[in-house]
Structure formats: structure tokens, C-alpha cells
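# Remarks on the overall topology
Read off the chains here:
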Amino acid sequence: AQKVTQAQTEISVVEKEDVTLDCVYETRDTTYYLFWYKQPPSGELVFLIRRNSFDEQNEISGRYSWNFQKSTSSFNFTITASQVVDSAVYFCALSESNAGNMLTFGGGTRLMVKP
Amino acid sequence: GAGVSQSPSNKVTEKGKDVELRCDPISGHTALYWYRQSLGQGLEFLIYFQGNSAPDKSGLPSDRFSAERTGGSVSTLTIQRTQQEDSAVYLCASSLSPLAGVETQYFGPGTRLLVL
């Protein structure tokens with residue numbers, strides 16, 4: 001069965017600090033996809049990134065970067081020089097190729113960036 | 001519209017009443033999903049539609065929950081005889097057809113349901 005664990009329930013940082021959100025997953029599939037979504041106070045889940053299990057290349061998008069390591073079943077998300085607007089709940093999710101596109105979400109990490 | 005829309009945005013009902021929640025997916029997206037977000041259970045998958053058929057209903061928590069989709073577009077999630085534990089945010093998402101592989105799901109703003 002697939003499972004996603006986000007051990008950090010809440011993180012508080014001061015603006016301009018770097019912060020890493022951890023995500024560990026479990027799956028028996030060899031083909032799967034990993035996602036990160038952001039949920040700001042407005043409540044809507046905003047898609048950030050998607051990776052498939054065959055692509056371990058790290059990705060950078062502006063201040064955001066993702067580190068995918070199959071050896072440790074982790075897909076961590078780093079925000080560089082955090083800003084107040086980054087304050088939100090961040091969800092990591094997993095979809096197995098044979099699971100009908102169903103997303104299994106982690107419990108989420110609430111990030112608070114203080115000015 | 002550009003994104004997934006859901007209505008109503010908020011719904012307060014009395015225990016025992018039926019409610020209908022509506023989702024309008026992104027134009028061109030053939031797949032539609034319903035999830036529930038509650039404090040105790042996090043984000044849970046409810047049901048998935050490909051076109052008008054629902055190949056995966058595994059997440060529906062009880063037979064009080066049902067969903068339909070007509071014309072390959074709008075979907076309605078119906079909860080009969082609501083209970084207080086049904087109080088949650090119901091999120092809808094849509095994607096391109098996942099038949100050739102996993103596709104990214106885009107979410108609507110959700111419907112906040114409160115059962116008194």
C-alpha cells in the first residue's frame with residue numbers, strides 16, 4: 001500500500017531563512033509519481049511540481065528546489081530566502097501508475113514565515 | 001473558466017438532511033476527482049471519474065455518499081442523511097485523461113460543509 005509521511009507538522013522561520021520540508025514515501029510500484037502542492041489560507045490546493053520515479057534529477061524553480069532520492073524514498077522541498085507569502089500548508093503526494101491516478105497525501109507541513 | 005470551480009463555497013446543514021455539492025472541471029479535462037479534507041483524517045480520496053464512468057469508488061466512506069457526472073463535465077457529490085462527522089472541506093480536482101499514465105490534478109477552491 002502506498003503511504004506518504006511528512007514528519008514536520010509545523011515549521012516557523014524568519015523571513016529570508018532557508019527552509020526544507022521533508023517527505024518520505026512508501027510504495028511497491030516501480031512506476032510512480034510524486035507531487036507537491038501548496039495550500040495558502042484561502043484553501044485552494046496549488047500544484048507546484050510533479051516528478052516520475054524514473055527521473056531523479058533535482059529541479060530548481062526560482063526560490064524553490066526539490067531533491068528526489070529513491071535510495072531513501074524521499075522527495076524533499078527547499079525554499080530559499082523564504083518570504084511571508086510562502087506561509088501555507090504544503091502537501092506531498094504520491095500516485096502509483098496502477099492506482100487510477102488517485103493521490104495519496106501526506107499529513108501536510110504548516111510553514112509560518114515571520115517578518 | 002480557467003480553473004476548477006465548485007459550488008457552494010460554504011454549506012451549513014442540519015443533521016439528517018441531504019446535500020449536493022457541485023464541481024465544474026477545467027475545460028478539456030476528462031478525469032475528475034473528489035477528495036475530502038478533515039481535521040482528523042487529512043486529505044482523503046473519495047471517487048474518480050473518467051468521462052461519465054467511475055472506475056474507482058473505493059474511497060466513498062459509506063453508502064450515504066454518491067456521485068455522478070453527466071456529459072463528461074459537471075459532477076455532483078451527494079451526501080444523504082448527513083451526520084456531524086461529514087463536516088469537512090470537499091475538494092474537487094480535474095486532469096487530462098490518465099489512461100496513458102498519471103496526470104497532474106488541478107484543484108478547485110473546495111466546499112466547506114458544516115453539519116449541525
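Sequence order sets the numbering: in each chain, residues are counted from 1 along the sequence as written. Going through the entries in the order they are written, you letter the chains from A and number the ligands from 1. Only residues with pLDDT of at least 70 are given local features in this predicted model, and only at 80 or more are side-chain atom pairs given and counted; all residues enter the totals for whole chains, interfaces and linings. Side-chain numbers here rest on the full set of heavy atoms in the structure, without hydrogens or water.

### Let's talk about the environment of A:Ala7
All names here are of chain A. Strands are runs of DSSP state E lasting at least two residues, helices are runs of H or I lasting at least four, and both sets are numbered from the N terminus onward. Relative to the helices and strands, Ala7 resides in the loop between β1 (3–5) and β2 (10–14). Any residue under 20% of the maximum accessible area for its type is buried, any over 50% is exposed, and the rest in between are partly exposed; the area is computed with a 1.4 Å probe on protein chains only. Overall, Ala7 belongs to the exposed group, its relative accessible area being 66%. Ala7 sits 101 residues away from Gly108 along the chain, and the two C-alpha atoms are 8.5 Å apart.

### Examining the environment of B:Phe45
If you trace the backbone, B:Phe45 turns up in strand β5 (residues 42–50). In this structure, the C-alpha to C-alpha distance between B:Phe45 and B:Ser58, residues 13 residues apart in sequence, is 8.4 Å.

### Structural notes on the environment of A:Phe91
Relative to the helices and strands, A:Phe91 resides in strand β10 (residues 88–96). On the accessibility criterion, A:Phe91 (4% relative accessible area) is buried. Through-space distance from the C-alpha of A:Phe91 to that of A:Glu10 is 12 Å; in sequence the pair is 81 residues apart. Should any heavy atoms of two residues lie within 4.5 Å, those residues are considered in contact. Beyond its immediate chain neighbours, meaning those up to four positions away, A:Phe91 contacts A:Gln6, A:Phe35, A:Trp36, A:Tyr37, A:Gln39, A:Leu45, A:Phe105, A:Gly106, A:Gly107, A:Gly108, B:Gln37 and B:Leu43.

### Some points on the pairing of strand β3 (residues 19–24) of chain B
Residues and elements named next belong to chain B. Residues Val19, Leu21 and Cys23 point to one face of β3 and are all buried, whereas Glu20, Arg22 and Asp24, pointing to the other face, are not buried. Of the pairings in the sheet, the one linking strand β1 (residues 5–7) to β3 comprises three bridges and is antiparallel in character. Each bridged residue has a counterpart across the sheet, and for Ser5 the counterpart in β3 is Asp24. In this structure, β3 lies alongside strand β8 (residues 75–79), joined through five bridges in antiparallel fashion. Its bridge partner lying in β8, Glu20 is registered against Thr78. In this analysis, strands are considered paired if DSSP registers two or more bridges between them.

### Describing the interface of chain A and chain B
Tallying the contact residues gives 20 residues for chain A and 20 residues for chain B. Throughout, the accessible surface (probe 1.4 Å) given up by two parts as they are put together, summed over both, is called the buried area. Taken over both partners, the interface formed by chain A and chain B buries close to 1600 Å², and the fraction arising from carbon and sulfur atoms is 56%. In the sections that follow, a salt bridge refers to a side-chain nitrogen of Lys or Arg positioned within 4 Å of a carboxyl oxygen of Asp or Glu. Linking chain A with chain B are zero salt bridges, by the criterion used here. Between N or O atoms, a polar contact is any pair within 3.5 Å; within protein, one atom must be a potential hydrogen donor and the other a potential acceptor, and residues adjacent in sequence are included only when both atoms are from side chains. At the boundary of chain A with chain B, the tally comes to eight residue pairs in polar contact (both at pLDDT 80 or more). Under the scheme applied, nonpolar residues are Ala, Val, Leu, Ile, Met, Phe, Trp, Tyr, Cys and Pro; charged residues are Asp, Glu, Lys and Arg; polar residues are all the others, including Gly. Looking at the side of chain A that touches chain B residue by residue, the class counts come to 10 nonpolar, seven polar and three charged.

### With respect to a nonpolar patch on the surface
Residue and element names in this part refer to chain B. A cluster of nonpolar side chains, namely Val12, Leu114 and Leu116, defines an oily patch on the protein surface of about 280 Å² accessible area. Considering the arrangement of structural elements, one finds Leu114 in strand β11 (residues 111–115). On the basis of relative accessibility, which here comes to 39%, the residue Leu114 falls in the partly exposed class. Grouping into patches uses exposed residues only, defined as over 30% relative accessible area, and leaves out salt-bridged ones; the cut-off is 9 Å for like charges and 5 Å for nonpolar side chains (Val, Leu, Ile, Met, Phe, Trp, Tyr). In this description, accessible areas are obtained by the Shrake-Rupley approach with a 1.4 Å probe, and a residue is regarded as covered only by the protein chains that are shown.

Any functional reading would require information beyond the geometric quantities listed.
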